[in-house]
Each structure stands twice: as structure tokens, then as C-alpha cells.
Amino acid sequence: MKPTATRVERSSQDYINDEIQEEIERRIDFYKTKDKKEILDRISQLDKEWDTERVLETNASSLVIAGSILAMTVNKKWAIMPAVVGSFLLQHALQGWCPPLAIIRRAKVRTSNEINQERRALLNVLEEK
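What counts as what
Residues numbered from 1 in each chain as written. Predicted model: local features only at pLDDT ≥ 70, side-chain atom pairs only at ≥ 80, totals over all residues. Heavy atoms only, no water. Helix = DSSP H or I, 4+ residues; strand = E, 2+ residues; numbered from the N terminus. Expected span 1.5 Å × (residues − 1). Buried < 20%, exposed > 50% of the residue type's maximum accessible area, 1.4 Å probe, protein only. Arc of directions from axis to C-beta. Contact = heavy atoms within 4.5 Å. Axes fitted to C-alpha atoms, helices over the stretch in contact; angles between N-to-C directions. Parallel < 35°, antiparallel > 145°, perpendicular 65-115°, else oblique. Left-handed = near helix turned anticlockwise from the far one by under 90°. Nonpolar A, V, L, I, M, F, W, Y, C, P; charged D, E, K, R; others polar. Phe/Tyr/Trp six-rings, centres within 6.5 Å; stacked < 30°, edge-to-face > 60°.

Novice: What's the story with helix 2 (residues 14–32) in this structure? I'm lost.
Specialist: Two residues of an α-helix separated by three or four positions point the same way, owing to the 3.6 residues in each turn. Here helix 2 contains 19 residues, and its C-alpha end-to-end distance of 27 Å stays within 8% of the 27 Å for a straight helix at 1.5 Å per residue. Looking only at helix 2, the buried set comprises I16, N17, I20, I24, I28 and Y31. Seen along its axis, helix 2 keeps its buried residues to an arc of 110 degrees; they face one direction. Buried positions along helix 2 lie against helix 1 (7–11), helix 3 (36–48), helix 6 (99–106) and helix 7 (112–128).

Novice: Please explain unusual backbone geometry as it appears in this structure.
Specialist: For residues other than glycine, phi is negative in most cases, and the peptide bonds are mostly trans. The phi torsion at K108 lies on the positive side, around 65 degrees, for a residue other than glycine. Of note, K108 is situated in the loop between helix 6 and helix 7. By relative accessible area, which is 37% here, K108 ends up partly exposed.

Novice: Explanation requested: the packing of helix 3 against helix 7 in the structure shown.
Specialist: Geometry of a packed helix pair, given as the angle between the helix axes and the separation of the axes. Contact geometry of helix 3 with helix 7 gives a least axis separation of 10 Å together with a crossing angle of 160 degrees. One finds that helix 3 runs roughly antiparallel with respect to helix 7. The two elements helix 3 and helix 7 meet at a crossing, and its hand is left-handed. Counting all contacts with helix 3, which are made through K36, I39, L40, R42, I43, L46 and D47, the residues of helix 7 involved are I115, E118, R119, L122, L123, V125 and L126. Here the residues of the contact of helix 3 with helix 7 are counted per class, giving nine nonpolar, no polar and five charged.

Novice: When you look at the packing of aromatic side chains in this model, what are you seeing that I'm missing?
Specialist: Working definition: an aromatic ring pair is given by the centre-to-centre distance plus the angle between the planes. Throughout the structure, instances matching the rule amount to one aromatic pair. Taking 5.0 Å as the distance between ring centres and 85 degrees as the angle between the ring planes, the aromatic pair formed by F30 and Y31 counts as edge-to-face. Judged by its relative accessible area of 46%, F30 falls in the partly exposed class. Classification of Y31 by relative accessible area gives buried; the value is 14%.

This is the structure:
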């Protein structure tokens, strides 16, 4: 099993990780020239940014609820949806990867580690000012 803190990055394709890392570095370079208020505003945005876990859990729970309601009201065959989604969540918990995660990462949704990397760098920029 992959370490919990880095399992998503280790399971993501290298080019996606590289693109996300490059974007983090671009943002840090951009904010190095900004005043304290703009940097603090960016840190506030980072505090509100949804990470991969939150996006995955929100989407999965929405599909489980929808599938359960459809199975009870429309057709019992809809019960397959919560079962599939649940198996994806189990796979993610054990391996750090599941099929929806590839889509989430391609959408450039970052892990909490990646968000915190940018936050720490911006805090360092603040300290230097």
C-alpha cells in the first residue's frame, strides 16, 4: 500500500503531476512581486480550495444517494451504481487510486499536499517582505 500522504500523486500520471507542479511554481513566482494583501488573499483562496479527496467524496456520495433513490423508486437495477461507486471508494482507500481520480486529476484538482505546498511558499514570501 502507498503512504497515505502521497498516494494520489504516486498513482497519478507523471505528466499530470508535472503540470500541477509547474502551475504551483508559476503562481509562487507571480505572487513574489505582489503586495502582502494580494498574497494574503491568495492564501485565503487556498484555504477554500477543494482537494482531490473532497471532490472524490462529494461526487461519490452524490452518486450513491442518486443510485439508491433510483433503485427504490424507478428500477432495482439502479442499485448497481452505489455498489460500483462503493468499490471505487474502497479501491481508493486501499491503493490511492480509482477510475474517477484520473478524471479529477486531469481537471487539475490538487491534493491537500499540493495546496499546502503553495500555501507554505506564499507564507515564506510574506516573511521575506
